[in-house]
Amino acid sequence: MTNQEIAKILHEMAELLEMKEVEFKPRAYEKAALGVEGLDREVRDVYKERGFSGLMEIPGVGRGIAEHIEGLLKNGKFAEYEKLKKEIPVNITELSAVEGVGPKMIKILYKNLKIKNLNDLEKAAKAGKISGLARFGKKSEEKILKGIEFLKKSGGRRILGEILPVAEKILERLRTLPGVEGAEFGGSMRRMKETIGDLDFVAFSAKPSAVVERFVKFPEVQSVHEKGGHKALVRLNNNTDADIWVTLPRSKGAALIAWTGDKQHNIAIRTLAEKKGWMLNDYGLWKGKKLLASKTEEEVYKKLGLAWIPPEIRNNTGELEAAQKGKLPKLVEYGDLRGDLQVQTDWTDGENSILEMAHAAKKAGLEYIAITDHTKSLAMTGGADEKKLLRQIEEIKKINKKISGIKILSGAEVNIMKDGSLDIKDEVLSKLDVVGAAVHSHFNLSREEQTKRVINAMNNPNIDIIFHLTGRVIGRREAIQIDVDEIIKTAKRKGTILEIDAYPERLDIKDEYIRKCVEAGVKMVIDSDAHSVNHFKYLELGIAQARRGWAKKSDIVNTKPLAEFLKSLK
DNA sequence: GCCGTTTTCGGCCCGACTGTTTTCAGTCG
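How each quantity is defined
Residues numbered from 1 in each chain as written. Chains lettered and ligands numbered in written order. Predicted model: local features only at pLDDT ≥ 70, side-chain atom pairs only at ≥ 80, totals over all residues. Heavy atoms only, no water. Domains from an automatic or database assignment. Contact = heavy atoms within 4.5 Å. Buried area = accessible area lost by both parts, 1.4 Å probe. Salt bridge = Lys/Arg side-chain N within 4 Å of Asp/Glu carboxyl O. Polar contact = N/O pair within 3.5 Å; in protein donor to acceptor, adjacent residues only side chain to side chain. Nonpolar A, V, L, I, M, F, W, Y, C, P; charged D, E, K, R; others polar. Phe/Tyr/Trp six-rings, centres within 6.5 Å; stacked < 30°, edge-to-face > 60°. Near = heavy atom within 4 Å. Helix = DSSP H or I, 4+ residues; strand = E, 2+ residues; numbered from the N terminus. Buried < 20%, exposed > 50% of the residue type's maximum accessible area, 1.4 Å probe, protein only. Pairing = 2+ DSSP bridges. Right-handed = clockwise from strand over helix to strand, strands pointing away. Axes fitted to C-alpha atoms, helices over the stretch in contact; angles between N-to-C directions. 1 Å grid on protein atoms, 1.4 Å probe; cavity = no way out; pocket = protein on both sides within 12 Å on 5 of 7 lines; lining within 4 Å. Points joined across faces, edges and corners; volume = space filled by probe spheres on them. Parallel < 35°, antiparallel > 145°, perpendicular 65-115°, else oblique. Left-handed = near helix turned anticlockwise from the far one by under 90°.

Colleague: Can you walk me through the domain arrangement of chain A in this structure?
Modeller: Interfaces are frequently sized by the accessible area removed from exposure as the parts join. As assigned here, chain A comprises domain 1 (3–153), domain 2 (156–247), domain 3 (251–328) and domain 4 (339–567). For domain 1 and domain 2, the distance between their C-alpha centres works out to 29 Å. Contacts between the two partners involve 5 residues from domain 1 and, on the opposite side, 8 residues from domain 2. Counting each side, the surface lost to burial between domain 1 and domain 2 is near 620 Å², with a carbon and sulfur contribution of 43%. If you sort the residues of domain 1 by the area they bury against domain 2, Lys146, Phe150 and Lys153 come out on top, with a joint share of 74%. Inspection of the region where domain 1 meets domain 2 yields 0 salt bridges. For the pair domain 1 and domain 2, the interface holds 0 residue pairs in polar contact (both at pLDDT 80 or more). Split into classes, the residues belonging to the side of domain 1 that touches domain 2 amount to 1 nonpolar, no polar and 4 charged.

Colleague: Looking at this structure, how should I read the packing of aromatic side chains?
Modeller: In this description, a pair of aromatic rings is defined by centroid distance and the angle of the planes. Per the stated rule, a full pass over the model turns up 8 aromatic pairs. A network of ring pairs unites the aromatic residues Phe185, Phe201, Phe215 and Phe218 as a single cluster.

Colleague: What exactly am I supposed to notice about the protein's contact with DNA strand B here?
Modeller: The local shell around DNA strand B holds 44 residues, among which Arg27, Gly62, Gly137, Ser140 and Lys227 are the closest. A breakdown of the atoms of DNA strand B within 4 Å of the protein gives sugar and phosphate a share of 77%. Taking Ile65, its main chain carries an N or O atom lying 2.9 Å from a phosphate oxygen of DNA strand B. Contact distances for DNA strand B include 3.1 Å between a phosphate oxygen and a backbone N or O atom of Lys231. Elements supplying a minimum of two residues to the surface near DNA strand B: α2 (25–37), α4 (63–75), α7 (103–113), α9 (138–154), β5 (221–227), α14 (263–275) and β8 (279–281). The element that contributes the greatest number of residues to the surface near DNA strand B is α14, accounting for 6 residues.

Colleague: Whenever I open this one, unusual backbone geometry confuses me. Can you help?
Modeller: Note: most peptide bonds trans; most residues except glycine with negative phi. That bond from Gly261 to Asp262 is cis: its omega, 0°, falls within 30 degrees of zero. With an omega of 20°, the peptide bond running from Asp508 to Ile509 counts as cis. Structurally, the position occupied by Ile509 is in the loop between β16 (497–501) and α22 (511–520). The phi dihedral of Met192 falls on the positive side, at around 55°, and the residue is not glycine. The backbone of Asn239 shows a phi angle near 65°, a positive value even though the residue is not glycine. On the secondary structure map, Asn239 appears in the loop between β6 (231–236) and β7 (241–247).

Colleague: Help me out: how do you make sense of the pattern of salt bridges in this one?
Modeller: Two side chains that carry opposite charge are able to pair once their charged atoms sit near each other. Within this structure, the stated rule accounts for 32 salt bridges. Between Arg547 and Glu333 there is a salt bridge, and its shortest N-O distance comes to 3.8 Å. Of this pair, Arg547 sits in helix α23 (residues 539–548) while Glu333 sits in the loop between α16 (319–324) and β11 (339–343), and the two are 214 residues apart along the sequence. Judged by its relative accessible area of 34%, Glu333 falls in the partly exposed class. A single salt-bridge network, built from bridges that share partners, covers Glu122, Lys126 and Lys152.

Colleague: How do you make sense of the pairing of β11 when you look at a structure like this?
Modeller: The side chains of a regular strand alternate between the sheet's two faces. Most of β11 is tucked away: 5 of the 5 residues are buried. As paired elements, β11 and strand β12 (residues 368–371) share 3 bridges and run parallel to each other. The residue bridging Gly339 from the neighbouring strand is Tyr368, located in β12. Between the parallel pair β11 and β12, the chain is carried across by helix α17 (residues 354–363), and the sense of this crossover is right-handed.

Colleague: Teacher, can you tell me more about the side chain of Ser188 here?
Modeller: Relative to the assigned elements, Ser188 resides in helix α11 (residues 187–190). The residues contacting Ser188, other than those within four sequence positions of it, are Arg157, Lys193, Thr195, Ile196, Gly197 and Asp198.

Colleague: Is there a simple way to explain the sheet that holds β8 in this structure?
Modeller: Adjacent strands of a sheet pair through backbone hydrogen bonds, lying either parallel or antiparallel. Overall, antiparallel pairing links the 3 strands, which are arranged β8-β9-β10 in an open sheet. Looking at the sheet topology across the chains shown, the edges are occupied by β8 and β10 (290–293). Neighbour-to-neighbour, the strand axes of this sheet turn through a mean angle of 35°, independent of strand direction. Alignment of β8 against strand β9 (residues 284–287), held across 3 bridges, turns out to be antiparallel. Paired with Met279 across the bridge in β9 is Trp286.

Colleague: Would you mind going over the layout of surface pockets with me for this structure?
Modeller: If you add up the space inside the second largest pocket, you get close to 370 Å³. For the second largest pocket, the lining is made up of 19 residues, of which His440, Val473, Arg477, Arg506 and His531 are closest to its centre. Across the lining of the second largest pocket, the residue classes break down as 6 nonpolar, 6 polar and 7 charged.

Colleague: How should I be thinking about the packing of helix α1 (residues 3–19) against α2 in this particular structure?
Modeller: At a minimum axis separation of 8 Å, α1 and α2 run at an interaxial angle of 170°. The angle between α1 and α2 falls in the class roughly antiparallel. In this structure, the crossing between α1 and α2 has a hand that is left-handed. Residue-level inspection shows Asn3, Ile6, Ala7, Leu10, His11, Met13, Ala14, Leu17 and Glu18 of α1 in contact with α2, the latter providing Lys25, Pro26, Tyr29, Glu30, Ala32, Ala33, Val36 and Glu37.

Next comes the structure, spelled out in C-alpha cells:
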C-alpha cells in the first residue's frame, strides 16, 4: 500500500467522522493524512525498518492511527473505516472535490437520493432532484453542476511556473486600481509552492467593496462564484479559481498572515496567541478589545515573540520554534545568483546558439554560465560524443574572447548509464570546467540498484554536480526510487554538489531534500536547465524552491563570484 | 485522536459568504 493510498483512507476517515458529527477526530485524521502525504519515504518501508515506533514518528500520527496504519500494511484491514464506509458507501474523495460539497451534504445526498459518485450527482442535479431536498434549492443545484463542470475542465493543481505569469498580471492590474493601497499574493502563490490549486489575492483599500466590484470585472475573469463586500471568488479564463479579499490598510499585517497560511502555520500561530491570552484573527492581534498589532507582518510576529517568517517556509515544520529562538536562517534571496550551471544549446536539444544563450544570461543578470549539452547515449537529443565535446571546448574559447560581461564555462550533462558508469571518457571529462551527471533512463530500478548506480557516478572524480537527482516530472513522471540520505552522505564525503533544477516541471530536488542537504552541509547549485533564451527566468522558481528548503546564500555555490565558484568544484 | 514552555488530561484557529431561512449550518481557506 502506497502513501497516497494510506493518506486517501485517512482523508476519507476524517470526512466519515465529520458526517457522524464526531468532534475533533476529523482534524486528527486530516493532520495524519497530511503527515503521510508529506513523508519523503514510503510508509511501508519505514514500518519494515523501524516497526510500530517508526509509524508513530510520522507527524500527526499517534498510537491510535499508527495501529490503523499497521493494520492496513499487514492485511489491508481497518475495521472502523470499513464499518463507516458500509454505512455510507460513497466515493467521498470524488464527491468532496466538487466545490461547495462537503461531508454533511454528501451524507444527505446519499441518504435521500443514494448518490454515490460524481456520475450519480450530475444525473440527480440535471434531473432537478436535488432542489427538492430539505435545505436545498435551485441555486444549490446550479452550484453543484457548475462545480462538476469545473472539475472536469481544470484537472486539479497547476505548476507554479505556468500560473505565475498570469497571476502577476492580475496583481499588477489590482495594484493600479484607484483607491487600492497595495496588494499582494496570498496562499500557496505567496508561499511559492510547486503547484497551485487556486490564486489568492489580498488588497488594501479604504473602500473594499468598490475594489471587489472592479476585480470581478477584470478581463481574466470568466465567471463569479460568489461576491460580498470584502471578498469574492471567481473563475478565470484559464479555468483556475481566484479568491480576493480586500480589507482596510491598517489590517495589512494581520491580513497577510491570515491569508498566506498555510493552514497548519495559521493554527499554530493562533494557538500561540491564545496561550498568551490574546487572539489573532484576520484583522489584528487582540487583547480583549484592545488592538496590540496589525499594521505589518513584522509587527504582529514581533508582538508574539517571533522574528518575521518568510512566506516560503510558513508550513509549521519548525519555523515558529526557530523564529522564537531567533534561529531562522537568512534565506538565499531572489537576485543572489551569479551563475547558471545547466544550459543546453543548439549543439543538442536547445533552441539557441552558445552566443545567444550567453547574451540572454547576461541580460538576466548572470556573470557566468556553463554550457552543458547532453552526451552521446542520449541519442534523441543528438548528444555529444568525445570529439564533439572537444570541438565545443574550442568554440567556447573563441566566443569568450569575443564577448564581455559574462564568462562561458565548458561543461556537459553526462548521462549516467544503468550500471552507474558514464558515457564520456575521463580524459575528456577532465578537460571540461564543469561536469554534471544525470539519470535519463532506467527509471524503474529498485531503490538499492538506483542508489548504487548514482553513487557509482558520484565516485568518478570528474563529476562536480548531480543534475535533477530524482528525475521526477511534476504531474507526469514519479521520482525514481532512491535513498536520498545515502546520496547526501556520499555527496558530503565526495564534495559532490546537488542541483536544484529550476525547470518548472522538474523543481528537482524538492524542498525536504534541500533541507536535508542544508543540515548535512552538502552544497547545492540552482540551475535553470535552460533550453532557450527565455528560460533563464526559471531561476526564480529554483530560488523559491531553495528558500522552501531553508537554504542560505552560503548553501548555494552559484551565488559566489566566478573565481570562488570554481574553487568549490573538484 | 493528537499533543505538551498550561505536559499524560483537557484542550483543539477564526471569520466571510451563501442558501434557505427567519437565526444559522455548511463550506472554504
